[in-house]
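Listed here are the chains, written in short residue letters.
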Amino acid sequence: MENLHKIKQDICDIGQRIYNRQFAAANDGNITVRVSENEVLCTPTLHCKGFLKPDDISLVDMTGKQLSGRKKRSSEALLHLEIYKQRDDIRSVVHCHPPHATAFAIAREPIPQCILPEVEVFLGDVPITKYETPGGQAFADTIIPYVNKTNVMILANHGTVSYGETVEQAYWWTEILDSYCRMLLLAKQLGNVSFLDEEKSRELLDLKQKWGYADPRNTPDFKDCDICANDIFRDSWAETGVDRRAFPSPPPIKSSPAASSNGAAPAGVDEAALVKAITDEVIRQMGKK
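Residues numbered from 1 in each chain as written. Predicted model: local features only at pLDDT ≥ 70, side-chain atom pairs only at ≥ 80, totals over all residues. Heavy atoms only, no water.

A word on the pattern of salt bridges
Part 1 of the argument: One pass over the structure, following the stated rule, counts 14 salt bridges.
Part 2 of the argument: Across the salt bridge formed by Arg70 and Asp55, the nearest N and O atoms sit 2.5 Å from each other. Residue Arg70 is located in the loop between strand E4 (66-68) and helix H2 (77-86), and its partner Asp55 is located in the loop between strand E2 (39-42) and strand E3 (58-61); the two are separated by 15 residues in the primary sequence.
Part 3 of the argument: Assessed through its relative accessible area of 49%, Asp55 is described here as partly exposed. (Salt bridge = Lys/Arg side-chain N within 4 Å of Asp/Glu carboxyl O. Helix = DSSP H or I, 4+ residues; strand = E, 2+ residues; numbered from the N terminus. Buried < 20%, exposed > 50% of the residue type's maximum accessible area, 1.4 Å probe, protein only.)

Considerations on the nonpolar core
Part 1 of the argument: The biggest cluster of nonpolar side chains holds 30 residues, and the ones touching the most others in it are Ile83, Tyr84, Val93, Ile143, Met153, Val161 and Tyr163.
Part 2 of the argument: Of all the secondary-structure elements, those providing two or more residues to this core are E2, H2, helix H5 (137-141), strand E6 (152-155) and strand E7 (159-164).
Part 3 of the argument: By size, the runner-up hydrophobic cluster in this structure holds 29 residues, among which are Val121, Leu123, Ala156 and Trp237. (Core = buried A, V, L, I, M, F, W, Y, C linked by side-chain atoms within 4.5 Å.)

Re the state of the cysteines
In protein chemistry, a disulfide is the covalent bond that joins the sulfur atoms of two cysteines.
Part 1 of the argument: Tallied over the entire structure, the rule returns 1 disulfide.
Part 2 of the argument: With a sulfur-sulfur separation of 1.9 Å, Cys114 is cross-linked through a disulfide to Cys228. The disulfide joining Cys114 to Cys228 has a torsion of about -85 degrees about its S-S bond and is therefore left-handed. Note that Cys114 is positioned in the loop between helix H3 (99-107) and helix H4 (117-122) and Cys228 in the loop between helix H7 (198-210) and helix H8 (237-240), a separation of 114 residues in sequence. Taken as a pair, Cys114 and Cys228 share a single burial class, namely buried.
Part 3 of the argument: Cys225 forms no disulfide, and the closest cysteine sulfur to it belongs to Cys228, at a distance of 9.0 Å. (Disulfide = S-S within 2.5 Å.)

Quick look at the packing of helix H1 (residues 4-20) against helix H6 (residues 167-190)
Part 1 of the argument: Orientation of H1 relative to H6, taken along the N-to-C sense of each, is 15 degrees, at an axis distance of 10 Å. When the axis of H1 is compared with that of H6, the two are roughly parallel. When the axes of H1 and H6 are compared, the crossing they make is right-handed. Contacts between H1 and H6 involve Asp10, Ile14, Arg17 and Ile18 from the first element and Val167, Glu168, Tyr171 and Trp172 from the second. (Axes fitted to C-alpha atoms, helices over the stretch in contact; angles between N-to-C directions. Parallel < 35°, antiparallel > 145°, perpendicular 65-115°, else oblique. Left-handed = near helix turned anticlockwise from the far one by under 90°. Contact = heavy atoms within 4.5 Å.)

Thoughts on the side chain of Asp215
Part 1 of the argument: Inspection of the secondary structure assignment puts Asp215 in the loop between H7 and H8.
Part 2 of the argument: We classify Asp215 as buried; its relative accessible area is 4%.
Part 3 of the argument: Residues within four places of Asp215 in sequence aside, it is in contact with Glu120, Gly124, Leu205 and Lys208.

Regarding the packing of aromatic side chains
Part 1 of the argument: In total, this model carries 6 aromatic pairs according to the counting rule given.
Part 2 of the argument: Pairing Phe122 with Trp173 gives two aromatic rings, centres 6.2 Å apart and planes at 25 degrees, and the pair type is stacked. Here Phe122 is found in helix H4, whereas its partner Trp173 is found in helix H6, with 51 residues between them in sequence.
Part 3 of the argument: Accessibility expressed as a relative area gives 18% for Phe122, which makes it buried.
Part 4 of the argument: Every member of this aromatic cluster is reached through a ring pair, and the members are Phe122, Trp173 and Tyr213.
Part 5 of the argument: Between the NZ or CZ atom of Lys188 and the centre of the ring of Phe247, over which it lies, the distance is 5.6 Å.
Part 6 of the argument: Taking the ring centre of Trp237 as reference, the NZ or CZ of Arg234 above it sits at 5.3 Å. (Phe/Tyr/Trp six-rings, centres within 6.5 Å; stacked < 30°, edge-to-face > 60°. Lys NZ or Arg CZ within 6 Å of the ring centre and 35° of its normal.)

Considerations on the layout of surface pockets
Part 1 of the argument: Size it by volume and the largest pocket reaches roughly 390 Å³.
Part 2 of the argument: What lines the largest pocket is a set of 23 residues, and nearest its centre among them are Arg87, Thr150, Asn151, Tyr213 and Ala214.
Part 3 of the argument: Elements with a contribution of two residues or more to the lining of the largest pocket: H4 and H6.
Part 4 of the argument: Looking at side-chain class alone, the lining of the largest pocket contains 9 nonpolar, 7 polar and 7 charged residues. (1 Å grid on protein atoms, 1.4 Å probe; cavity = no way out; pocket = protein on both sides within 12 Å on 5 of 7 lines; lining within 4 Å. Points joined across faces, edges and corners; volume = space filled by probe spheres on them. Nonpolar A, V, L, I, M, F, W, Y, C, P; charged D, E, K, R; others polar.)

Right under this line is the structure:
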């Protein structure tokens, strides 16, 4: 039996972190945790996420019907519920408006790949969904084309949604994404964004597979893709209005048979050093509260 009060406290803690990072102004954002096959804890509507208390959290079923709670559940709960319906492995969903990632949502600018190692390992290609008015089932349905290929999405002209096995993990993907988007914007101001080459990009993909992180680029369906060119979600760009306007295309990379198929680290790679470098950077970013 799950300790519902402890989970509610965890939701409140993440809500405070979201608010402190300025990822949610006023009453923006919402957080859910699935606690049984048909029950989901949900933050309330019209409530600042920085000042949540466990008693504020409501319980809803998988249709969105509120089962308990003194405050009305979030108006955007259907988005979360659709993710749970599509992904049995997901236990928590976080939606908010991190400013740097949301800038990409407003510009509908694809997130460049093959630039920062930890982003390649933990995020991969990040899609931008089709815009739909928030709140209804049509809005929830915008995630369906992407939900099984990623754990974080940018919602066009709206914000981000990320999901994972715990509420903290679900939040992490958003924090990593916004930190990366901020770095990209700063590098753009300096006048240059340098991409990793094919060899170094494939080293990261091989390590990602070895560490158990799924990536479509490591599957047969995308064995011939250009691993740095946003090929996973590029087919959706015409419908969603996404196009490269601010950042250049990466140098062309042709997929080669030399890509590792067994998940082992490539010869000559100091795996321990790379693990430490990625871990240290993630911990450093997580510490910026």
